[in-house]
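Below are the chains, spelled out letter by letter.
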Amino acid sequence: MKTPILKLLKFHLFVAYIFSISCALGQEVGVKKESGKIFLTGKSCALLMKQANAIHRWKNPSLKNLNPNICSCSENCSINVTQIVPQIVQEKQEVCSLSDGPNCWNSSLVTSGILPNLRYSTGPEMKFWMESPLCRERSPNEEIEPGDVVAIRDSSGDEVHGFIHITEELSFSKNGYSKNAKYSLQSPSGVFEVYGVEAKCRREFKKPSSEKACALYANYFKCEPIDEYLKANPIKNSEQLDTWKALDSFECEISGIALSNFFKKDQVELFKLSISSIQSLAAEKVKSNNISQHEIFIWKGIQVKTQSLIEQIELL
């Protein structure tokens, strides 16, 4: 394992520990999982219906509000949201991967439909997709919507953390790439506090001015799934399409390894050699003068994906 990766892993282990403490201190909307079912809990049905309807619209913005009868109260109020949360939340709520690697940036990208598989994603990969044709930063006066990607950056503009906005009280995040970090619905204010983002810096457009003095800040993005983009902008170059499909196949295999921690060393070494070859091909193609901007975008996407996959292999 590379030393920088080890240092970052220790940092994320610390973040996961601190976050577990902050969760124990209580929040407006609680989340619990019992017998495979996911419940939201809180002091009032009005608050919980706000969350449930936002989750409902996360799947499809045109959906009507839910029937308020789904909320019930005794000492506390609760709603069973198992059937309305996206599939990734159904499957991964309070679940850990069995290997280090799958992380916050990847969770945000998979949840947004930009990446197909859970695995490690680098900060540069996160930035690439946020600046790609798939995503658009929300302007300062634009309403934030359920499912928007929140990108926490440092003063240099480098990526620090990524998660999914649902409401002011609820978000979806995996805090770190340690195998001990769970995917979970959680308080966005808790996430901001753990990562040290001051309240005044939690909704920025581009990089904040130096006068505001934000050591860390958050930008919000509306993103479309890669499948939708490729339907409108298909890959027509046969070599590029074959490379894209081959990399998808490797990514699926490596994701399965990261989530199960079952692999043979010789197998992953062969994967690494093949992915490195794809990375070299993509780097060569990006320099070509006779290809379209769309082709350059796809080759660059292949480049950032290969680097993330190589680092995921190193974390196994």
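See the structure printed just above.
This section reports on the structure supplied with the text. As the structure is a prediction and not an experimental result, all values here were calculated from the model.

Parameters and conventions
Residues numbered from 1 in each chain as written. Predicted model: local features only at pLDDT ≥ 70, side-chain atom pairs only at ≥ 80, totals over all residues. Heavy atoms only, no water. Axes fitted to C-alpha atoms, helices over the stretch in contact; angles between N-to-C directions. Helix = DSSP H or I, 4+ residues; strand = E, 2+ residues; numbered from the N terminus. Parallel < 35°, antiparallel > 145°, perpendicular 65-115°, else oblique. Left-handed = near helix turned anticlockwise from the far one by under 90°. Contact = heavy atoms within 4.5 Å. Nonpolar A, V, L, I, M, F, W, Y, C, P; charged D, E, K, R; others polar. Expected span 1.5 Å × (residues − 1). Buried < 20%, exposed > 50% of the residue type's maximum accessible area, 1.4 Å probe, protein only. Polar contact = N/O pair within 3.5 Å; in protein donor to acceptor, adjacent residues only side chain to side chain. Pairing = 2+ DSSP bridges. Phe/Tyr/Trp six-rings, centres within 6.5 Å; stacked < 30°, edge-to-face > 60°. Lys NZ or Arg CZ within 6 Å of the ring centre and 35° of its normal.

### A closer look at the packing of helix α5 (residues 123-130) against helix α10 (residues 293-315)
Right, on to step 1. Direction vectors running N to C along α5 and α10 enclose 155°, while the axes themselves pass 9 Å from each other. With respect to each other, α5 and α10 are oriented roughly antiparallel. Along this stretch, α5 crosses α10, giving a crossing that reads as left-handed. On α10, the residues that touch Glu-125, Phe-128 and Trp-129 of α5 are Phe-297, Lys-300, Gly-301, Val-304, Lys-305 and Ser-308.
Right, on to step 2. Tallied by class, the residues present in the contact of α5 with α10 amount to four nonpolar, two polar and three charged.

### Concerning helix α8 (residues 238-260)
Right, on to step 1. Taking 1.5 Å of rise per residue, the 23 residues of α8 would be expected to cover 33 Å, and the 33 Å separating its terminal C-alpha atoms lies within 8% of that figure.
Right, on to step 2. Every buried residue of α8 is listed here: Gln-240, Thr-243, Trp-244, Leu-247, Phe-250, Glu-251, Ile-254, Ser-255, Ile-257 and Ala-258.
Right, on to step 3. Where α8 is buried, its residues touch α5, α7 (226-232), α9 (265-286) and α10.
Right, on to step 4. Its side-chain oxygen 3.0 Å from the backbone nitrogen of Glu-239, Asn-237 forms the N-cap of α8.
Right, on to step 5. Looking one or two residues beyond α8, the residue adopting positive phi is Asn-261, at roughly 60°.

### Digging into the sheet that holds strand β9 (residues 183-186)
Right, on to step 1. One open sheet accounts for six strands, arranged β5-β10-β6-β7-β8-β9; its pairing is antiparallel. What marks the edges here is a single partner per strand, and that holds for β5 (135-137) and β9. In this sheet, adjacent strand axes meet at a mean angle of 35° when their direction is disregarded.
Right, on to step 2. Helix α4 (residues 104-111) rests against β6 (149-154), β7 (159-165), β8 (171-174) and β9 of the sheet, and its axis sits at about 35° to β7.

### Re the pairing of β8
Right, on to step 1. Residues of β8 alternate between two faces, with Ser-171 and Ser-173 on one and Phe-172 and Lys-174 on the opposite face, all of them buried.
Right, on to step 2. Sheet analysis places β7 next to β8, joined by two bridges and oriented antiparallel. The residue bridging Ile-164 from the neighbouring strand is Phe-172, located in β8.
Right, on to step 3. Where β7 hands over to β8, the hairpin turn is made up of five residues, counted between the paired strands.

### Quick word on the packing of aromatic side chains
Where two aromatic rings form a pair, the distance of their centres and the angle of their planes describe that pair.
Right, on to step 1. This model, assessed by the stated rule, comprises seven aromatic pairs.
Right, on to step 2. Seen from their ring centres, Phe-128 and Trp-129 are 4.9 Å apart, and the 75° between their planes marks the pair as edge-to-face.
Right, on to step 3. Its relative accessible area of 1% is what places Trp-129 among the buried residues.
Right, on to step 4. Considering the side-chain rings of Trp-129 and Phe-297, the 5.9 Å spacing of their centres and the 85° angle between planes classify their relative orientation as edge-to-face. Here Phe-297 lies in helix α10 and Trp-129 lies in helix α5, a separation of 168 residues in the sequence.
Right, on to step 5. Just above the ring of Trp-244 sits the side chain of Lys-305; from NZ or CZ to the centre is 4.5 Å.

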